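# Topology and contacts: notes
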Amino acid sequence: MKKLENPFTVKKPDDMEPSFVAQYFVDTHTDFKKLAESNNSFLNGPRGTGKSMLLRSMEMTVASERNQSQGIEELDYLGIHVPLRREDFGITEIVTLINTSGTAIGEHLLCMCISYHLVRNLIELSEKLDQQKVDGFIKEFSELFEACGGVIDSELVSSGSVENKLHNLQVVCEKSNSNIRQYAKRILFSDVMPSYTGALCGLRDFLLPLIREMKFIGYFPKKPIYLMLDDADNLPRCMQRVINSWISMRLYPNICLKVSTQLGYATYLTLDNRRIESPHDFTSIDVGSVYTNSSDRYSKRVQQIVQRRLELSGIIAAPQEFFPEDESQKRRLEEIKEEIRSEYENGERDSLRKGSSRVTDEVTRYAVPRLMRELHKSKSSHTFSYAGYSSLVNLSSGIIRWFLEPAAQMFDEVYASSQGEVPRSILPRVQNEVIYRWSKEFSEELVIPEVSDIQNNFVSKDESSLHQIYDYRLLQKLHNLITALGIFFRNRLLDENASEQRAFSVVVRQKVSAELQEVLSLGIRLGYLQRTDNSAKELNEARRPRYILARRLGPAFKLDISGYAAHLSVTAEQLEIAIKSPEQFVKSRTRAIQDSSESHDQYELDLASEG
Amino acid sequence: MMTTVLSTSRLLDRYRSRRISILTRSSFEERWVKCINSLSSLNISTFTVFCSEVKSLETLKTFEDLDHRLLAIMSEITLPAGGNAEAYGIIRGAVERAFEVGVDGTVLIDVSSFKRDELLIVLSILGEIHPSYRKINCELLYLEASEMSDDWLSRNTLNVRTVLGYSGDPRQSKKTCVVVMVGHELIRAKDIIDAYEPSKVMIGKGIKAESINPELYSRNEQFYRELKSYYGSSCEEFEFSLLDPIKVKNTLKSLCGNSQYNYVVAPLNNKISCIGAGLFALENQDIQIGYSDVLEYNRKSYSVPGSNVHILSVNEILWVDQKGGVVATPSEEAPSLELEI
């Protein structure tokens, strides 16, 4: 029997054919309308939020497949997806070479990488292209490359089919970068510095004229070209400055740079030490906050994605059926909801409690906390089940990969024990085990290094970006902060007298210090926190930042991750305590509640923004 | 390949009649001292110790156990962190000086406590060394660990990069395949795989029969299974030798033959298998070796030194296949080579 492929395996967008992407993947670009505008953009978000898939789906070959009734000339822009891979740019010798010999080599590597993917798109569209005009493009490529010091075998680019000639151009791009790697290696092993005699192509002398020539090829409208540079964190700092210099040139609307990062982009300085700024030079799109601010939109996307993946695998089941809830827990919750309902109706509950005026609202807010307290009293908190489709969506915290990865593990476990039978659902027990493990791993990844190691290990900021964390003392503080919030929210949940028992975020009053801001930013970058801006209460009050604990941490701290949750209003000073001592933070907050020195409005229910 | 395994007490007999140059790497691990101390009464031409820029308390303590005769002739060389060009230049200079021991001498490199990237740099330097030096007998010594910490070995990945000299030849037209040789560092392995975001993952574990003891194998197996669980049923599995670098090279050669992929190999098990990965990459220049710098090692309980030293002849494992390679003949007084546990 043929082995069934796991429907939830995370696939690399670069590996997929355009027709596959167009047909089977859920179009999310309407969630990010700013990205389609004719300007430069940074698309930022933690790993797994679907940035690469989004950029790939914007590529002109995919758009052309999706809108088969329209020609390429009817596309709004021509997107070229350029993955910036670790193995291509994370090479120690290359970084050393660029740092010592100047950024011309780095710029050349980028130009060759972009050119390779530009030609790739032409190859995929070659049947629709005018042969003569493609020959003109190839001739221009050769002339520009040779003008930049390169050598091309004219035989390779003058004979054979259009597709063949274009393939040979790709080989030129690859070989050119390979030559630079060889050169970087030879420097290492030689006593005398050998001269580099290969091509050195730059934006102005190679890429821009090449792109202009590409636009003259038949069927290509006079539309903007979007160069989508994916995962720019994989570039060393010196090459990020090259991109920043390109951005500063403001080549839009003809050429727009769309740069994705995993929040590890090291610098916004150009090669001549100017700083590029938003919104003048680029717009900044935070993928995380788009979905954090609109949980409905995210839920719909996940539903579409999961449904489609199940269909592709031949599994006829709605996502809710495939990931069922724990029935016994569901029954107990219904009983509790009835109890709350009848308490309300009998006037046993304080109906004047602020923020709660409807029975449904009371039931929603207090049912799960009551169940959790019940389990806590019977010392069986660990039996609380996070199984169920909605729960898995909530746990994924707006990061689609955080749904797919545990789902893939669950599927593997069930399929492995099914003797080849196609799973029709994942048992709640299996879901729960995987979720607890996955949550625990995430919380344990945040380990605190010993102080002496921090002092002994020095990572220079002059070295490559490549997702480095420069100051590990911040890790310790972040660990403290997450622990403080997790424990405090758990205590809140167990307090039956608390007005808002379910809190999952903090809104920060007062200006935060630079250090605290670094800790919070690191938390966002590593996925432990998400940030959104809270609505101003008063007309003249600025929007205050709200930091939401990743729901993925919910099982590790035994929190209620479902639906609506309140946020806790804290001062920057209180958070400064949290980053130094979680115990002190929890004690002081608890004391404040007991002393009734904390007003009810420090807990506000945010109906619109938590999913 | 002929591998010799001797107890530390027998090392003296092996090298008694020779003039030797020793290169080693200081560490918080005691085993760097244990192996070298057993050679302290020999005719030592040079004794070079590579050190980190800042020595931890545990490392300083190991120096207290170093034989006074070695302390007296020790030459310490500081290596910068990060396996960069500066580190390369320093290691190269020290290796070339060691070979000044001459054709009647022996160069011994105790690799037990080298960081893996430094070890690979040493290997690449040996691979490029002047042909005239290849007439000199050169051996790598590796002292087993009888135990490894059952808690953790390292944590907090600083960054993921290539090892200097092993950049490979990645092509845009190819997809990425990461080949991980799992040891006892699960998170480090995961961080390397996640950094590359490969299209394909191959996860390998050490051969059970070659493991030093069942506990070590069991832990390796556990980490191997956990790592596999992250990447699902689609990742490929393999086993590799823990004792024979040539076998490791051949295993990797059989795995990494699909021209559709750029292969990134991450050796995370013992130094012998790391050497095997290095040999493979030196022979196949399109292979990249990935490495992660970590912030913290479990210095207090990383390992317990064993008693057996594995001796690998560079002449046999590296030079004999290269142009101008010569198998150096040990002097007649040397004891016969045999496996002795």
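A quick note: this is a predicted structure, and the numbers were derived from the prediction, not measured. (Residues numbered from 1 in each chain as written. Chains lettered and ligands numbered in written order. Predicted model: local features only at pLDDT ≥ 70, side-chain atom pairs only at ≥ 80, totals over all residues. Heavy atoms only, no water.)

## Section: the overall build of chain B
Counting secondary structure elements, chain B contains 11 helices and 13 strands. Scaling as 2.2 N^0.38, a compact globule of 341 residues should have a C-alpha radius of gyration of about 20 Å, and chain B matches this with 19 Å. Here chain B, with 341 residues, has 65% of them falling under the buried criterion. Considering only intrachain contacts with a sequence separation of at least 6, the fraction spanning at least 24 residues in chain B is 85%. In the structure as shown, chain B presents an accessible area of about 12,400 Å², 47% of it carried by carbon and sulfur atoms. (Helix = DSSP H or I, 4+ residues; strand = E, 2+ residues; numbered from the N terminus. Rg over C-alpha atoms; globule rule 2.2 N^0.38 Å. Buried < 20%, exposed > 50% of the residue type's maximum accessible area, 1.4 Å probe, protein only. Contact = heavy atoms within 4.5 Å. Areas by Shrake-Rupley, 256 points an atom, 1.4 Å probe, with all protein chains shown as cover.)

## Quick notes on the packing of helix α20 (residues 473-494) of chain A against helix α21 (residues 514-525) of chain A
All names here are of chain A. Put simply, α20 and α21 touch, their axes get as near as 9 Å, and they point 75 degrees apart. When the axes of α20 and α21 are compared, the pair comes out roughly perpendicular. Contacts between α20 and α21 pair L474, L475, K477, L478 and L481 from the former with E515, E518, V519, L520, L522 and G523 from the latter. Here the contact of α20 with α21 is built from residues that sort into seven nonpolar, one polar and three charged. (Axes fitted to C-alpha atoms, helices over the stretch in contact; angles between N-to-C directions. Parallel < 35°, antiparallel > 145°, perpendicular 65-115°, else oblique. Nonpolar A, V, L, I, M, F, W, Y, C, P; charged D, E, K, R; others polar.)

## Some words on the environment of T106(B)
Residue and element names in this part refer to chain B. Topologically, T106 is positioned in strand β5 (residues 105-110). Classification of T106 as buried rests on a relative accessible area of 1%. Sequence-wise, T106 and W152 are 46 residues apart; in three dimensions their C-alpha atoms are separated by 37 Å. For T106, the contacting residues outside a window of four places in its chain are Y15, R18, R19, I20, S21, V101 and N137.

## Quick notes on the interface of chain A and chain B
Contacts between the two partners involve 46 residues from chain A and, on the opposite side, 50 residues from chain B. Here chain A and chain B share an interface that buries about 4,500 Å² over both sides, 43% of which is from carbon and sulfur atoms. At the junction of chain A with chain B, the criterion picks out four salt bridges. Across the salt bridge formed by E197(B) and R47(A), the nearest N and O atoms sit 3.8 Å from each other. Joining chain A to chain B, the criterion identifies 22 residue pairs in polar contact (both at pLDDT 80 or more). The greatest single-element share of the side of chain A that touches chain B, amounting to seven residues, is contributed by helix α8 (residues 162-189) of chain A. (Buried area = accessible area lost by both parts, 1.4 Å probe. Salt bridge = Lys/Arg side-chain N within 4 Å of Asp/Glu carboxyl O. Polar contact = N/O pair within 3.5 Å; in protein donor to acceptor, adjacent residues only side chain to side chain.)

## Focus: the confidence of the model for chain A
Residue and element names in this part refer to chain A. Per-residue confidence for chain A gives a mean pLDDT of 85; residues scoring 70 or more make up 87%. Low confidence marks residues 455-466, where pLDDT is under 50. Its contacts with residues over four positions away, or in another chain, come to 33 contacts. Confidence over residues 597-611 falls short of pLDDT 50; this stretch has 54 contacts with residues more than four positions distant or in other chains. (pLDDT = per-residue confidence, 0-100.)

## Here's the deal with the packing of helix α15 (residues 359-377) of chain A against α20(A)
The description of two packed helices rests on the angle between their axes and on the distance between the axes. All names here are of chain A. Two numbers describe how α15 lies on α20: the axes approach to 8 Å, and their chain directions differ by 95 degrees. One way to sum up the angle between α15 and α20 is to call them roughly perpendicular. Taking contact as the criterion, the partners of P369, M372, R373 and H376 in α15 are, on α20, R490, L493 and L494. Across the contact of α15 with α20, the residue classes tally to four nonpolar, one polar and two charged.

## Brief notes about unusual backbone geometry
Residues and elements named next belong to chain A. Each neighbour pair has its own omega, and for Y252 with P253 the value is 10 degrees, a cis peptide bond. Summarising the element assignment, P253 is placed in the loop between α10 (237-248) and β4 (255-261). Residues S278 and P279 are joined by a peptide bond in cis, for which omega reads 5 degrees. Structurally, P279 is set in the loop between β4 and β5 (283-286). In this structure, L263 is a non-glycine residue whose phi angle is positive, near 70 degrees. Within the element layout of this structure, L263 appears in the loop between β4 and β5. Not every positive phi belongs to a glycine, and S397 is a case in point at roughly 55 degrees.

## Let's talk about a negative patch on the surface
Residue and element names in this part refer to chain B. Together, E147, D150, D151 and E215 line one region of the surface with negative charge. Of note, E215 is situated in helix α8 (residues 214-231). Take E215: its relative accessible area is 55%, and that puts it in the exposed class. (Patch = residues over 30% accessible without salt bridge, like charges linked within 9 Å, V, L, I, M, F, W, Y side chains within 5 Å. Lys, Arg positive; Asp, Glu negative; His and termini not counted. Charge placed at Lys NZ, Arg CZ, Asp CG, Glu CD.)

## Let's talk about the confidence of the model for chain B
Residue and element names in this part refer to chain B. Here chain B shows a mean pLDDT of 89. Residues at 70 or above account for 93%. When the elements of chain B are averaged for pLDDT, strand β7 (residues 154-162) gives the smallest value, 85, and strand β11 (residues 261-267) the largest, 98. Contacts for the low-pLDDT stretch residues 324-341, under 50 throughout, to residues beyond four places or in other chains number 36 contacts. Interface predicted TM-score (ipTM) for the complex: 0.88; the corresponding pTM is 0.88.

## So, the nonpolar core
Residues and elements named next belong to chain A. Counting residues in hydrophobic clusters, the biggest one holds 100 residues, and the most contacted among them are F8, F323 and F403. Looking at this core, the element that brings in the most residues is α20, giving 10 residues. Looking at which domains feed residues into this core, each of domain 1 (36-293) and domain 2 (446-611) supplies at least three. (Core = buried A, V, L, I, M, F, W, Y, C linked by side-chain atoms within 4.5 Å. Domains from an automatic or database assignment.)

## Considering the sheet that holds strand β8 (residues 175-181) of chain B
Residue and element names in this part refer to chain B. The strand order β7-β12-β11-β8-β9-β10 describes an open sheet built from six strands, whose pairing is mixed. Two strands bound the open sheet, and with one partner strand each, they are β7 and β10 (236-240). Along the sheet, successive strands turn relative to each other by an average axial angle of 25 degrees, direction set aside. Pairing analysis gives five bridges linking strand β9 (residues 200-206) to β10, with the strands arranged parallel. (Pairing = 2+ DSSP bridges.)

## Brief notes about helix α7 (residues 131-147) of chain A
Residue and element names in this part refer to chain A. End to end, α7 covers 24 Å across 17 residues, agreeing with the expected 24 Å (1.5 Å per residue, within 8%). If you check which residues of α7 are buried, you get V134, F137, I138, F141, S142, L144 and F145. Just downstream of α7, G149 is the residue with a positive phi angle, here 100 degrees. (Expected span 1.5 Å × (residues − 1).)

## Remarks on the packing of aromatic side chains
All names here are of chain A. One pass over the structure, following the stated rule, counts 36 aromatic pairs over all chains. Considering the side-chain rings of F8 and F323, the 5.5 Å spacing of their centres and the 50 degrees angle between planes classify their relative orientation as tilted. One end of the pair, F8, is in the segment before α1 (18-24); the other, F323, is in the loop between α13 (319-322) and α14 (327-345), with 315 residues separating them in the sequence. The burial state of F8 is the same as that of F323; both residues are buried. An angle of 65 degrees between the planes, with centres 5.8 Å apart, marks the rings of Y389 and F403 as edge-to-face. Note that Y389 is positioned in helix α16 (residues 389-395) and F403 in helix α17 (residues 401-416), a separation of 14 residues in sequence. The class for Y389 is buried, based on a relative accessible area of 6%. Cluster of aromatic residues (ring-pair linked, three or more members): F8, F322, F323, Y389, F403, F411 and Y415. Over the ring of F504 we find R551, and its NZ or CZ is 4.5 Å from the ring centre. (Phe/Tyr/Trp six-rings, centres within 6.5 Å; stacked < 30°, edge-to-face > 60°. Lys NZ or Arg CZ within 6 Å of the ring centre and 35° of its normal.)

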